[in-house]
Amino acid sequence: MKKFPDFVPPTKVAFLERGPTLHLRQCVLGAVETDEEWLFEKDEIRIGSMDDNDVVVRDETVSRYHCKIVQEDTGYVLVDLRSTNGTFINKVRIREAFLKPGCTIGVGQSQLRFHAREEEVSIVPSRADRLGGLVGGNPRMREMYSILERIAPTNTTVVIEGETGTGKEVVAQTIHNLSPRAAKELVVFDCGAVPPNLIESELFGHEKGSFTGAVMTRQGLFELADGGTLVLDELGELPLDLQPKLLRALEQREVRRVGGAKTAKVDVRIIAATNRNLEDEVRAGRFRQDLFYRLSVVRLRLPALRDRPDDIAALVQHFLDTAPYNQGADGRARVRGLTREAQLALAGYAWPGNVRELVNVIERAVSFADGEQIDVDDLPDNLRDAVRTPPAGRALTAEPRTASAPRPPDELLDGVTFKDAKERWVSSFERDYIVSLLKRHGGNISHAARDADIDRKYFRKLMKKYEIEAMGAVGPDDDEE
């Protein structure tokens, strides 16, 4: 006889040394009279005599849509769907009740045995180079595609972390579109864009007369998203005094309007997005630890665009193919691609604004382009400088080259793929550029980073990456003005 645990935690992703691992909660139903067994990973399992049920029971005493099993954070709940002959757990008739592993579910004259189990699945990067609105074949992106494909059909709460402009809202949209909730609303709430005194009303709604200006009763976003998905954007901006109310709504799945006396049940999937490190916020006392653990069932970290330069060409092509600003009167794309020099400029830039900045750059370049390709002269000044700086930078390295001397051909072409050659060129440029700036500013890291128009932390990261040491370097704590 198979052994099953008494409690199975919700679906969760663990990032281990060997790579991300998905701990998947599964529902197991078995017919008591036969050896037939069903295995489900979904959040709702319908049982009845009609063929469109998940478990079809051929029994005249079973209603067409008899009952359903709903997955919640603390376990599985059996709900009777107003069946004619009732639904039973261990021979006790119920309307709605939690299922205990090993219990028997009675539907009509048929008996089903319930169990839950956890499956550990190692995440293998997807072979696809895009998923939903996400574009890119970088290994970290393909790894994320595999995770999203597995967790999207579940009701799992997801926290998406990443720098501003990395595409957190696109990930949320993709999860929603791949879920059973796709036909319902996707509601996005920006916690940092609403005055703190109005956030509670926005989330939970209010009754007429509950405060000055409340001239009518209003539904909150939890109610508007009922049956769908609620995205809490910039969650790290949520005031500390409102966090317990959000925690209560997440745990109880019910809300009470401001000024109201009654609570209302809501069925909402929560996706939170933040550009802050919530663990740091918890340590600093700005974010509640219990809310952090309640939300952090699945945490995804989006890579910055500078960490996946190999995706830039695919992203640009996607924008050129789909963006309205690049469509001519006949509906065809006006600009079709990039020149090689423009590609190198885009690959060599640090992208502090990430994908959002890339979108803006391409929209601007399309308006400046005269032909079917974007040239380097169509790009903003800071990107044009990025491709024109390397020769001067290389002249200041330990083994100087003249500005006009080309890189030896065999270093780029002899048995090297285009992708590897580009990565070597970009790495060489980055190292020489950092060395050049440090020499120009006498080792002052703050001034060098400001001259490069990149963040000091990222400048230091590049120094560490290429093992560059600057004599007398000035850091953030002793910046010289």
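See the structure shown above.
All values reported here derive from a predicted model rather than from experimental measurement.

A. Broad picture of the nonpolar core. Grouped together as the largest cluster of nonpolar side chains are 31 residues, with contacts concentrated most on Phe222, Leu230, Leu232 and Leu235. Elements represented by at least two residues in this core include exactly strand S16 (186-190), helix H3 (196-204), helix H4 (221-224), strand S19 (229-233), helix H5 (243-252), strand S22 (269-274), helix H6 (278-283) and helix H7 (289-295). Tallying contributions element by element places H5 first for this core, with 4 residues. Setting aside residues up to four positions removed in sequence, Leu232 forms contacts with Phe189, Cys191, Leu203, Leu246, Ile270, Ile271, Ala272 and Ala273. Grouped together as the second largest cluster of nonpolar side chains are 25 residues, Val335, Leu338, Val366 and Leu379 included.

B. Seen up close, the sheet that holds strand S10 (residues 96-98). An order of S5-S4-S6-S7-S10 is seen for the 5 strands of this open sheet, with the pairing classed as mixed. Single-partner strands in this sheet number two, and they are strand S5 (55-56) and S10. The pairing of strand S6 (residues 67-72) with strand S7 (residues 75-80) spans 6 bridges and is classified as antiparallel. Residue pairing in the sheet places Ile69 in a bridge with Leu78 of S7.

C. Structural view of the packing of helix H15 (residues 445-452) against helix H16 (residues 456-465). For the pair H15 and H16, the least separation of the axes is 9 Å and the interaxial angle reads 105 degrees. Judged on the interaxial angle alone, H16 and H15 are roughly perpendicular. For the pair H15 and H16, contact is made by Ile445, Ser446, Ala448 and Ala449 and by Arg456, Phe459, Arg460 and Met463, respectively. In terms of residue class, the contact of H15 with H16 is built from 5 nonpolar, 1 polar and 2 charged.

D. Layout of the pattern of salt bridges. Scanning the model with the defined rule gives 20 salt bridges in all. Asp51 is the partner of Arg58 in a salt bridge, and the nearest nitrogen-oxygen pair spans 2.7 Å. Classification of Arg58 by relative accessible area gives exposed; the value is 65%. Asp51 sits in the exposed class, given a relative accessible area of 58%. In this structure, a network of salt bridges that share partners links the residues Glu237, Arg276, Glu281 and Arg286.

E. Fine view of the environment of Asp54. In this fold, Asp54 is placed in the loop between strand S4 (44-48) and S5. Separated by 10 residues in sequence, Asp54 and Glu44 have C-alpha atoms that sit 9.1 Å apart. Other than its neighbours up to four places away in sequence, Asp54 contacts Trp38, Phe40, Lys42, Glu44, Ile45 and Arg46. At 2.8 Å, the side chain of Asp54 forms a polar contact with the backbone nitrogen of Arg46.

F. Quick look at the sheet that holds strand S15 (residues 158-161). Strand order in the open sheet formed by 5 strands is S16-S19-S22-S15-S23, and the pairing between neighbours is parallel. Of all strands in the sheet, those bounded by a partner on one side alone are S16 and strand S23 (298-301). Shown here is a sheet whose adjacent strand axes are inclined to one another by a mean of 20 degrees, direction ignored. Where S19 lies against S22, 4 bridges are found, and the strand directions are parallel. By the bridge assignment, Val231 is partnered in S22 with Ile271.

G. Structural detail: the packing of helix H8 (residues 312-322) against helix H10 (residues 354-368). Packing of H8 against H10 leaves a shortest axis separation of 10 Å and a crossing angle of 55 degrees. Between H8 and H10, the interaxial angle falls into the category oblique. The crossing of H8 and H10 is right-handed. Contacts between H8 and H10 pair Ile312, Leu315, Val316, Phe319 and Leu320 from the former with Val355, Leu358, Val359, Ile362 and Val366 from the latter. Within the contact of H8 with H10, the residues separate by chemical class into 10 nonpolar, no polar and no charged.

H. Main features of unusual backbone geometry. Of note, Glu234 is a non-glycine position whose phi angle comes to about 50 degrees, a positive value. Looking at where Glu234 falls in the secondary structure, it is placed in the loop between S19 and H5. Taking the relative accessible area as the measure of exposure, Glu234 reaches 16% and is therefore buried. Not every positive phi belongs to a glycine, and Glu467 is a case in point at roughly 55 degrees.

I. Region of the structure containing the layout of surface pockets. Each pocket or cavity is described by its volume, and for the largest pocket that value is around 1,200 Å³. Taken together, 38 residues line the largest pocket, and the ones lying closest to its centre are Val70, Gln71, Asn155, Arg181 and Asp267. Contributions of two or more residues to the lining of the largest pocket are made by S4, S6, S7, S10 and H5. In terms of residue class, the lining of the largest pocket is made up of 12 nonpolar, 9 polar and 17 charged.

J. A look at the pairing of strand S12 (residues 110-122). As defined by bridge partners, strand S11 (residues 104-107) adjoins S12 across 4 bridges and the pair is classed as antiparallel. Bridge assignment links Gly106 to a residue of S12, and that residue is Gln111. The antiparallel pairing of S11 with S12 creates a hairpin that spans 2 residues between the two strands, and Gly108 there sits at a positive phi of about 60 degrees.

Reading the values: the criteria
- Residues numbered from 1 in each chain as written.
- Predicted model: local features only at pLDDT ≥ 70, side-chain atom pairs only at ≥ 80, totals over all residues.
- Heavy atoms only, no water.
- Core = buried A, V, L, I, M, F, W, Y, C linked by side-chain atoms within 4.5 Å.
- Buried < 20%, exposed > 50% of the residue type's maximum accessible area, 1.4 Å probe, protein only.
- Helix = DSSP H or I, 4+ residues; strand = E, 2+ residues; numbered from the N terminus.
- Contact = heavy atoms within 4.5 Å.
- Pairing = 2+ DSSP bridges.
- Axes fitted to C-alpha atoms, helices over the stretch in contact; angles between N-to-C directions.
- Parallel < 35°, antiparallel > 145°, perpendicular 65-115°, else oblique.
- Nonpolar A, V, L, I, M, F, W, Y, C, P; charged D, E, K, R; others polar.
- Salt bridge = Lys/Arg side-chain N within 4 Å of Asp/Glu carboxyl O.
- Polar contact = N/O pair within 3.5 Å; in protein donor to acceptor, adjacent residues only side chain to side chain.
- Left-handed = near helix turned anticlockwise from the far one by under 90°.
- 1 Å grid on protein atoms, 1.4 Å probe; cavity = no way out; pocket = protein on both sides within 12 Å on 5 of 7 lines; lining within 4 Å.
- Points joined across faces, edges and corners; volume = space filled by probe spheres on them.

Treat this as a map of the structure, not an account of what it does.
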